[in-house]
Amino acid sequence: MARSRSTEEYLVSDRATHSFDNPAKAATRERNLRVVVDQAHELWDEERGVLRGRWCELMGTSGIRTLEMLERARALPHGGFVGVDFDPRIIDAAKIRYPHHHWICGDLFDVLRSAELAGVSVVNFDAYLAVASGKLAAAGRLLQDLIGRAIQSFGACVVLWNGDLDCSRRQGILPSVALREHARALAEVLQRCAGPRRLLTAELLLPEESEHQVDDGYTGEVGAFDIYKGKGGGHRMALARAVLR
Ligand SMILES: C[S@@+](CC[C@H](N)C(=O)[O-])C[C@H]1O[C@@H](n2cnc3c(N)ncnc32)[C@H](O)[C@@H]1O
């Protein structure tokens, strides 16, 4: 009979097999923080070496790795992390380990106006939606208010938007074609969030013709995208990073 898992075990994810808990993903988490430190000066308190505002993360069992990384770097103010997930077991386990941070069980899109999300300055939309799936625009419309409030409060918002790149192959679409379409749709979303003060184009996220290198299994940076592969045999992800002002 299968043993039931203890609350704490809902935060345990296996590095050997887990798609979201492996060295490649760990490296992207570090690079996410670097973007905040190096490129979003409005959000980084240089003197104290901490984030201004809160870091919002979609959790799963491995989102705790992001929090561990941020805690190791001493990058968060007290209560500076908001973890969100549908699964109450994940949220309960995280809350026990880190009671001074903020935890929301539910659909992010239903709680965008909650007190916990007030003061968010980094939005890690790490939902792994397929790139160019058509769901991006709807998600973007919903997140627009959260991102807009961050820009208003802090002068900037770091948006991290992760998507599954290789699942496009299942639909018979080349990754390069899917990534170009994704960049176009994401630029539209980000443009709406930033408003008319700044022009955000697909080419700023993904320079013209640069998408072609992703068709041969490439991993590395292409424009604003970090293309990485977690566990062996798994799909590559396309993680976009943008500092909106
Ligand atoms: C890929 S995992 C997150 C990985 C994690 N950020 C990390 O660094 O390892 C995505 C998680 O977000 C949850 N999720 C996706 N969309 C969500 C939403 N709209 N509201 C709340 N949770 C969501 C999924 O159920 C899943 O557990």
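Residues numbered from 1 in each chain as written. Predicted model: local features only at pLDDT ≥ 70, side-chain atom pairs only at ≥ 80, totals over all residues.

### Things to note about the overall build of the protein
The condition that has to hold: Here a strand is any run of E in DSSP of at least two residues, a helix any run of H or I of at least four, and the numbering for each starts at the N terminus. For the radius of gyration, the atom set is restricted to C-alpha positions; the globular benchmark scales as 2.2 Å times the number of residues to the power 0.38. Between the buried cut of 20 or more and the exposed cut of 12 or fewer other C-beta atoms within 10 Å of a residue's own C-beta lies the partly exposed class, and all C-beta atoms are placed from the backbone.
In terms of helices and strands, the protein carries six helices and ten strands. In terms of overall size, the protein behaves like a compact globule, its C-alpha atoms giving a radius of gyration of 18 Å where 245 residues would be expected to give roughly 18 Å. The buried share among the 245 residues of the protein stands at 42%.

### Considerations on the pairing of strand β4 (residues 81–85)
Where we set the bar: When the strands point away from the viewer, a crossover counts as right-handed if the path from the first strand over the helix to the second runs clockwise. Here, strands pair whenever DSSP counts at least two bridges between them.
Of all five residues in β4, five are buried, a share of seventy percent or more. Side chains F81, G83 and D85 project from β4 onto one buried face, and the interleaved V82 and V84 project onto a second face that is buried too. Of the crossover connections in this fold, the one passing from strand β3 (residues 54–58) over helix α2 (residues 63–72) to the parallel β4 is right-handed. Of the strand pairs in this sheet, β4 and strand β5 (residues 102–105) are connected by four bridges, and their pairing is parallel. The residue bridging V84 from the neighbouring strand is I104, located in β5. You can see the chain leave β4, run along helix α3 (residues 88–97) and come back into β5, and the turn it takes is right-handed.

### Some thoughts on the site of the ligand
Quick note on the threshold: Whether a residue is near a molecule or strand depends on its C-beta atom, generated from backbone atoms, being within 6 Å of that molecule or strand. Put simply, Ala, Val, Leu, Ile, Met, Phe, Trp, Tyr, Cys and Pro go in the nonpolar bin, Asp, Glu, Lys and Arg in the charged bin, and everything else, Gly too, in the polar bin.
Taken together, 18 residues form the shell around the ligand, and within it L58, G60, S62, L108 and D126 come nearest. Mapped by element, the contributors of at least two residues to the shell around the ligand are β3, α2, β4 and β6 (120–130). For the shell around the ligand, a count of residues per class yields nine nonpolar, four polar and five charged.

### Side note on the environment of T28
To be explicit about the condition: Once C-beta atoms are placed from the backbone, any two residues with those atoms within 7 Å are in contact.
Summarising the element assignment, T28 is placed in helix α1 (residues 23–39). A count of 19 C-beta atoms within 10 Å places T28 in the partly exposed class. For the pair T28 and I227, spaced 199 residues apart in sequence, the C-alpha to C-alpha distance is 9.3 Å. Beyond its immediate chain neighbours, meaning those up to four positions away, T28 contacts D226, Y228 and L239.

### Examining helix α5 (residues 175–194)
Counted only if it meets this: Helices are assigned an expected span. That span is 1.5 Å times one less than the residue count.
In this model, α5 (20 residues) spans 27 Å end to end at C-alpha, consistent with the 28 Å of a helix rising 1.5 Å per residue. Immediately beyond the C-terminal end of α5, within one or two residues, lies G195, with a positive phi of roughly 80 degrees.

### A word on the pairing of β3
Burial of β3 is extensive: four of the five residues sit out of reach of the surface. The pairing of β3 with β6 spans four bridges and is classified as parallel. Paired with R54 across the two strands is V120, which belongs to β6. Here β3 pairs with β4 via four bridges, running parallel. Note on β4: the bridge partner recorded for L58 is V84.

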